[in-house]
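Remarks on the overall topology
Given next are the chains, with one letter for each unit.
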Amino acid sequence: MAHTDFPNPRVISNILCHESEVAYDSNSLSSMNSLWGEFLRNEISLTPHQDSLHEGGMEEAHISIPIDDEVMNPSGSESAQIRYIRTEFIEGTGVDEDNLRSFPNQASVWIDASSIYGQNEETNNWMRSGDGGRVIVTDWEGSDMIPAFDSNGFVNDWDGTSSHINIQFGVADNRNLENIGLSSMHLLFLREHNRLADAIQERNPDWTDEEIFQRARKLVIAQIQVITYSEYLPSIGLILPEYLGYNSSINPQISNEFFLLVTTSFNNQRNDDWLLLNNSRAELLNSPLELQQGYWNMDPILDVGIEPIIMGASYENQRENDLSMVHNLRNLLSGKSSWPGWMDICAMDIQRGRDRGLTDYNSLRDDLGLNRHLSFNNLTNDGNISSMISELYDDIDSMDSLIGVISEPRIEGSIFGETQYLLALNQYTMLRDADRYWYANDPDLEPLISELNDTRLSDIILRNTEIESLQCNVFFAEHSMNALDCYMPNPSQEPQTQADSDAEMSTLLLGLIGLGIAGMLIMNFFGATAKEEE
């Protein structure tokens with residue numbers, strides 16, 4: 001463990017991360033923004049904590065809960081702790097100061113929808129239906145739902161006549177079931193895959209299940225890449241250099257600093273509850289749900305569907321990306337049997353940085369070629385934060401990097417301060433430029449680049465839910481019904497007219513809202529030989 005002489009993480013959390021007043025995002029970002037950030041984190045990074053199979057046993061680094069902690073330790077116990085098990089590391093590393101621990105990334109690194117399709121062939125095959133290129137979903141009272149399982153295996157459909165208490169849910173990456181926001185995002189792309197697969201099969205009846213699946217998968221991957229780089233990153237103020245094509249000399253490995261200091265930002269941006277809205281943007285009777293009611297619990301989705309969750313997240317402003325974290329994330333009683341007891345996300349993020357050997361704040365800036373800060377007053381424009389930090393840390397050269405980077409003033413138009421911005425800019429550029437199969441580098445997709453580049457997350461939502469209208473850029477909050485500028489009526493309410501066949505196929509098959517795509521272009525694309533997958 002690094003920095004064992006630094007202050008107790010729970011003490012830091014109680015002083016610096018306690019939310020004394022609500023501050024919403026100054027750029028009017030919606031809660032869809034933080035949900036996509038979490039969804040993206042699961043795409044590119046996965047390092048597990050040690051388990052019972054770890055050689056020599058699990059290394060414990062539990063966080064002591066102060067005896068005067070009124071929330072977690074009302075009895076004043078001297079032995080109260082927040083559970084923390086150290087991160088798994090690569091065997092043979094960490095043997096001495098010249099050979100520090102290295103940490104495995106069990107994700108593919110690439111933005112390749114691996115959280116949807118799985119990190120390996122076994123998982124990929126498990127989530128496929130084997131028919132028509134589709135992925136498995138459960139028909140839950142007439143709607144496609146996250147795959148459900150009971151004691152007999154996969155539940156293909158459920159009509160509501162028996163209890164779902166013993167039903168379990170499973171996806172390729174179960175982290176996407178951690179909360180109802182993530183589960184909604186995951187289900188959107190399961191539905192989108194099957195929508196594409198059905199249309200591809202209709203257009204190409206002689207194609208095999210494998211050919212249909214790989215083509216639908218290729219399109220979903222491209223959609224996620226486009227949404228990330230054309231909508232999400234610009235919304236958080238991250239402007240990347242122009243894409244010049246694949247660069248084989250770049251190492252895309254996720255840096256320890258990026259993983260610890262950038263991918264966790266969604267925690268600071270999360271609101272304290274789940275807003276549930278109907279199509280008229282009126283709250284449901286059980287809205288808002290307390291934050292913890294949406295964690296490790298699928299019941300809200302089973303009860304009302306994903307539409308109210310998505311509309312609520314698109315409507316509301318998310319929290320500012322600052323030190324403050326909502327009460328329920330700092331004082332969360334875990335419902336996970338694998339990680340029981342109290343959880344404080346702020347304290348645990350600090351402890352994870354120490355666990356993984358993250359350097360101190362000023363040394364980090366030095367390593368990145370940035371100027372070192374000389375004092376706490378030099379770090380932040382907020383005198384109250386500067387004062388509280390100075391009470392916790394002896395000096396600015398002995399401060400956790402996480403606290404330092406979040407304390408920095410935001411770059412104009414961005415959710416990041418200077419250090420986080422540089423880490424994010426470098427990593428996202430490398431992830432794109434080092435990807436041999438990046439959508440814009442794929443010859444199969446070349447005829448469709450213009451249409452793909454027009455894809456928005458709102459398109460995916462409107463095509464795969466009963467939501468009829470949204471703001472076109474759902475990463476920015478919108479409270480006015482008159483400003484919901486993207487519209488798609490539910491099929492049951494559409495007038496039955498004879499549509500132009502080429503335009504109809506363009507919309508149905510590609511789903512890129514580009515009604516002007518030529519029919520011959522569509523036929524050429526889907527008649528081509530499927531490119532061999534990596």
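An account of the accompanying structure is given in this report. (Residues numbered from 1 in each chain as written. Predicted model: local features only at pLDDT ≥ 70, side-chain atom pairs only at ≥ 80, totals over all residues. Heavy atoms only, no water.)

**Some remarks on the environment of G94**
Along the polypeptide, G94 turns up in the loop between β2 (81-82) and α3 (114-117). We classify G94 as partly exposed; its relative accessible area is 37%. For G94, the contacting residues outside a window of four places in its chain are N99, L100 and R101. (Helix = DSSP H or I, 4+ residues; strand = E, 2+ residues; numbered from the N terminus. Buried < 20%, exposed > 50% of the residue type's maximum accessible area, 1.4 Å probe, protein only. Contact = heavy atoms within 4.5 Å.)

**Examining helix α17 (residues 418-433)**
Given a rise of 1.5 Å per residue, 16 residues ought to cover 22 Å, and the 23 Å separating the end C-alpha atoms of α17 matches this to within 8%. Here α17 lies mainly inside the structure; twelve of its 16 residues are buried. Every buried residue of α17 is accounted for by T419, Q420, Y421, L423, A424, L425, Q427, Y428, T429, L431, R432 and D433. Buried residues belonging to α17 abut α2 (31-44), α6 (209-235), α7 (256-261), α8 (265-269), α13 (361-367) and α16 (401-407). (Expected span 1.5 Å × (residues − 1).)

**Describing the environment of N73**
Relative to the assigned elements, N73 resides in the loop between β1 (63-64) and β2. Once residues within four sequence positions are removed from consideration, N73 is found in contact with I65, P66, I67 and A80. A polar contact of 3.2 Å, which involves the side chain of N73, links it to the backbone oxygen of P66. (Polar contact = N/O pair within 3.5 Å; in protein donor to acceptor, adjacent residues only side chain to side chain.)

**Considerations on the sheet that holds strand β7 (residues 157-158)**
Strand order in the open sheet formed by three strands is β4-β3-β7, with mixed pairing between adjacent strands. Two strands bound the open sheet, and with one partner strand each, they are β4 (143-145) and β7. Judged from the three bridges that link them, strand β3 (residues 138-140) and β4 form a sheet pairing that is antiparallel. Within the sheet, the bridge partner assigned to D139 lies in β4 and is D144. (Pairing = 2+ DSSP bridges.)

**Some remarks on the sheet that holds strand β5 (residues 148-150)**
Pairing within the open sheet is antiparallel, and its three strands lie in the order β6-β5-β8. If you trace the sheet from one side to the other, it starts and ends with β6 (153-155) and β8 (168-169), each paired once. Alignment of β5 against β8, held across two bridges, turns out to be antiparallel. Looking at β8, one finds that F149 is bridged to Q168.

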